[in-house]
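# Per-entry structural report
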Amino acid sequence: MRCSVLHLLRCVRLRLCSRRGRSRLPLWAQRIQAYIKLLAQSLCFNSLTDSDVVFDSIFEPVFVTVDYVTRWFGMVFVCLVVILTSSVVMITYIVLLPLALTTYSPAWIAWHSLYGNWNLIMIAFHYYKAIKTSPGYPPAEKNDRPFVSVCKKCIMPKPARTHHCGICNRCILKMDHHCPWLNNCVGHFNHRYFFSFCLFMTLGCVYCSISCRNMFLDAYNSLEVSHFAFFAITNFQTPAPPYTFKEKMFHKSIVYMWVLTSTAGVALGALTVWHAVLISRGETSIERHINKKEAVRLAQWGKLYKNPFNYSKLNNWKIFLGVEKKSHWVTRVLLPSGHPPHGDGLTWDVFPVKRDLIAV
């Protein structure tokens, strides 16, 4: 609006000057000159311009490229997760299970069988649901639902906690982030599936890493001995007893599984802890940055910012997990459950309350 007023004033002044005969350039050249000058000023002046706007403008090509690559390589990342997870499962059943049946006691065999298969079922179920479940979208038709703003890209009303995803090119209800490993956005209706997948995958990786630690050390030492034997033969020294091809593959598969599960457990465990902290605070990854900036802004005025969607830690977890009674801690948390989340994602209760939103 300000630029439009300035442009109008410049045009009026230019016309007055041309009538007085003070300008040496013809009228059409003066108009082109004024327009070019206005364009140049609009590139470096705006009353709303700040460091964030400048940063976004400079790196906009980078953001577009990343969104494009993530959109088209989403299925590649999903296939990679399936292949790596399947390889660990195959090694467990083909390589480790026959060894465990001959060396472990019946009690240990029962424990590993029950826990390992339960953990695998929870991982597969929640990963499938996180991929296939829609994160939730605002209604496209006109309605009387309250909204807090209008999306600049969709030109549609945005309910509270809704954000636009550049990769999906849609607004997402209670958007947390776009996960390339799911090839899907994490939003209101699949946020629980995403977090449960991260949690149970971390538990599975830690379980494999701890259970196979001694096997990994033995396999690694055996490969070192085999490597030493190869150099001993080339140097005409007395070689160590060689291993067969089957034994070498056995050792390499254990080393591969231990390294993969250990590194994935550390990386995914850190991500799981971070999301657990956000859930305890009643905020998403995007809202974490928004709330932080809002707290800093209000602190300059001597005010304290409180997240309106933080209902206390226990209530936040009840709402997130959909726990409505005591038995749900087992049936909806420790067992596969496809129950919908609390609420529709369009309207939210605001301001913390002391009573339980979901009494348990």
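Please read these numbers as outputs of a predicted model, since none were measured by experiment.

Moving on: the overall build of the protein. The helix and strand inventory of the protein stands at twelve helices and six strands. A buried classification covers 33% of the 360 residues belonging to the protein. Total accessible area computed for the protein in this model is approximately 23400 Å², and 68% of it derives from carbon and sulfur atoms.

What UniProt calls "transmembrane region" (unreviewed entry) maps, in this numbering, to residues 72-96, 108-128, 193-216 and 255-279. Measuring from the first to the last C-alpha atom of residues 193-216 gives 32 Å, for a span that is 96% helix and 0% strand. For residues 255-279, helix accounts for 100% and strand for 0%, while the C-alpha atoms at its two ends are 35 Å apart.

Time to look at the packing of helix H5 (residues 74-103) against helix H6 (residues 106-132). Look at H5 against H6: their axes get within 13 Å of each other, and the N-to-C directions meet at 170°. In this view, H5 runs roughly antiparallel relative to H6, as classed from their interaxial angle. Residues Val78, Val81, Val82, Val89, Tyr93, Ala100 and Leu101 of H5 form the contact with H6, whose own contacting residues are Ile109, Asn117, Leu120, Tyr127 and Ile131. Residues that form the contact of H5 with H6 fall into these classes: eleven nonpolar, one polar and no charged.

Let us look at the environment of Ile123. Within the secondary structure, Ile123 sits in helix H6. Assessed through its relative accessible area of 9%, Ile123 is described here as buried. Considering only alpha carbons, one finds Ile123 and Gly204, 81 residues apart in sequence, at a separation of 8.4 Å. Setting aside chain neighbours within four positions, we find Ile123 in contact with Phe197, Phe200 and Met201.

All right, on to H6 then. The periodicity of an α-helix, 3.6 residues per turn, causes residues three or four places apart in sequence to face the same way. With 27 residues, H6 should cover 39 Å at 1.5 Å per step; its first-to-last C-alpha distance of 39 Å lies within 8% of that length. Buried residues of H6: His112, Tyr115, Asn119, Met122, Ile123, His126, Tyr127 and Ala130, and no others. For H6, the elements touching its buried residues are H5, strand S6 (184-186), helix H7 (191-211) and helix H12 (328-334).

Let us look at the side chain of His178. The topology assignment puts His178 in strand S5 (residues 177-179). Excluding residues within four positions of it along the chain, His178 makes contact with Thr70, Cys165, Ile167, Cys168, Asn183, Asn184 and Cys185.

Moving on, we come to the nonpolar core. Membership of the largest hydrophobic core comes to 17 residues, with the highest contact counts inside it found for Tyr127, Leu182, Phe194, Phe197 and Met201. Of all the secondary-structure elements, those providing two or more residues to this core are H5, H6 and H7. In terms of residue count, H7 provides more of this core than any other element does, seven residues in total. In this view, Phe194 contacts Ala130, His177, Cys179, Leu182, Val186, Leu271 and His275; residues no more than four positions away in its chain are not counted. Tyr115, Tyr207, Met215 and Val255 belong to the second largest nonpolar core, which has 15 residues in total.

Attention now moves to the packing of aromatic side chains. Tallied over the entire structure, the rule returns 13 aromatic pairs. Relative to Phe200, the ring of Trp118 has its centre 5.4 Å away and its plane inclined at 90°; by these criteria the two rings are edge-to-face. With Trp118 in helix H6 and Phe200 in helix H7, the pair connects residues that are 82 residues apart, well separated along the chain. Classification of Trp118 by relative accessible area gives partly exposed; the value is 26%. Put simply, the rings of Trp111, Tyr115, Trp118, Phe200 and Tyr207 touch in pairs and so form one group of aromatic residues. The ring of Phe309 has Arg161 lying over it, and the distance from NZ or CZ to the ring centre is 4.5 Å. When the ring centre of Tyr137 is taken as origin, the NZ or CZ atom of Arg170, which lies over that ring, is 3.6 Å away.

Procedures and definitions
- Residues numbered from 1 in each chain as written.
- Predicted model: local features only at pLDDT ≥ 70, side-chain atom pairs only at ≥ 80, totals over all residues.
- Heavy atoms only, no water.
- Helix = DSSP H or I, 4+ residues; strand = E, 2+ residues; numbered from the N terminus.
- Buried < 20%, exposed > 50% of the residue type's maximum accessible area, 1.4 Å probe, protein only.
- Areas by Shrake-Rupley, 256 points an atom, 1.4 Å probe, with all protein chains shown as cover.
- UniProt positions renumbered as here; feature names shortened; annotations may be inferred.
- Axes fitted to C-alpha atoms, helices over the stretch in contact; angles between N-to-C directions.
- Parallel < 35°, antiparallel > 145°, perpendicular 65-115°, else oblique.
- Contact = heavy atoms within 4.5 Å.
- Nonpolar A, V, L, I, M, F, W, Y, C, P; charged D, E, K, R; others polar.
- Expected span 1.5 Å × (residues − 1).
- Core = buried A, V, L, I, M, F, W, Y, C linked by side-chain atoms within 4.5 Å.
- Phe/Tyr/Trp six-rings, centres within 6.5 Å; stacked < 30°, edge-to-face > 60°.
- Lys NZ or Arg CZ within 6 Å of the ring centre and 35° of its normal.

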